[in-house]
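Descriptive structure summary
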Amino acid sequence: AQGPPMQELKLLGRPRPPIGALCGSPLGLFLLSALGFALLWPVTLLPVALVCLGLVVSLTLTLPRSYDGRGPLGRGDWLACGVCLFATISGTFTGIYAYEVYT
């Protein structure tokens, strides 16, 4: 019986510290996306690259470790992918809105 994917994350065989779990989670991705777009919007390509990198890291850490030949979406891991994409999109909109309001 496997637990939720975020509880299985380990770094070099040890459980990850709470800050490591936050940085790789969809919540961390939302914060990265929102802050990246809010603070780095004048440098147009930088927040996009930062969010794409964060999305890859978050998906890698959030999806279960047991892949087969069909890939993660072939096994029905749509919830983890959907949550990460939702965090990315909502963080992007939040960051752009914050930049537009406060500048």
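Structure report, in brief.

1. Notes on helix α2 (residues 26-40)
- Taking 1.5 Å of rise per residue, the 15 residues of α2 would be expected to cover 21 Å, and the 20 Å separating its terminal C-alpha atoms lies within 8% of that figure.
- When we look at burial in α2, the residues that qualify are Pro26, Gly28, Leu29, Ser33, Ala34, Gly36 and Phe37.

2. Let's talk about the packing of α2 against helix α3 (residues 45-62)
- Their axes nearest at 9 Å, the elements α2 and α3 cross at an angle of 175 degrees. Judged by the angle between their axes, α2 and α3 are roughly antiparallel. Note on element contacts: α3 touches α2 through Leu46, Pro47, Val48, Leu50, Val51, Gly54, Leu55, Ser58 and Thr62, opposite Pro26, Leu29, Leu32, Ser33, Gly36, Phe37 and Leu40.

3. Looking at the state of the cysteines
- Throughout the structure, instances matching the rule amount to zero disulfides.
- With no disulfide partner, Cys81 has as its closest neighbouring cysteine sulfur the one in Cys84, 6.9 Å distant.
- Given the relative accessible area of 0%, Cys84 is considered buried.

Quick notes on the rules
Residues numbered from 1 in each chain as written. Predicted model: local features only at pLDDT ≥ 70, side-chain atom pairs only at ≥ 80, totals over all residues. Heavy atoms only, no water. Helix = DSSP H or I, 4+ residues; strand = E, 2+ residues; numbered from the N terminus. Expected span 1.5 Å × (residues − 1). Buried < 20%, exposed > 50% of the residue type's maximum accessible area, 1.4 Å probe, protein only. Axes fitted to C-alpha atoms, helices over the stretch in contact; angles between N-to-C directions. Parallel < 35°, antiparallel > 145°, perpendicular 65-115°, else oblique. Contact = heavy atoms within 4.5 Å. Disulfide = S-S within 2.5 Å.

That is the geometry; function is a separate question.
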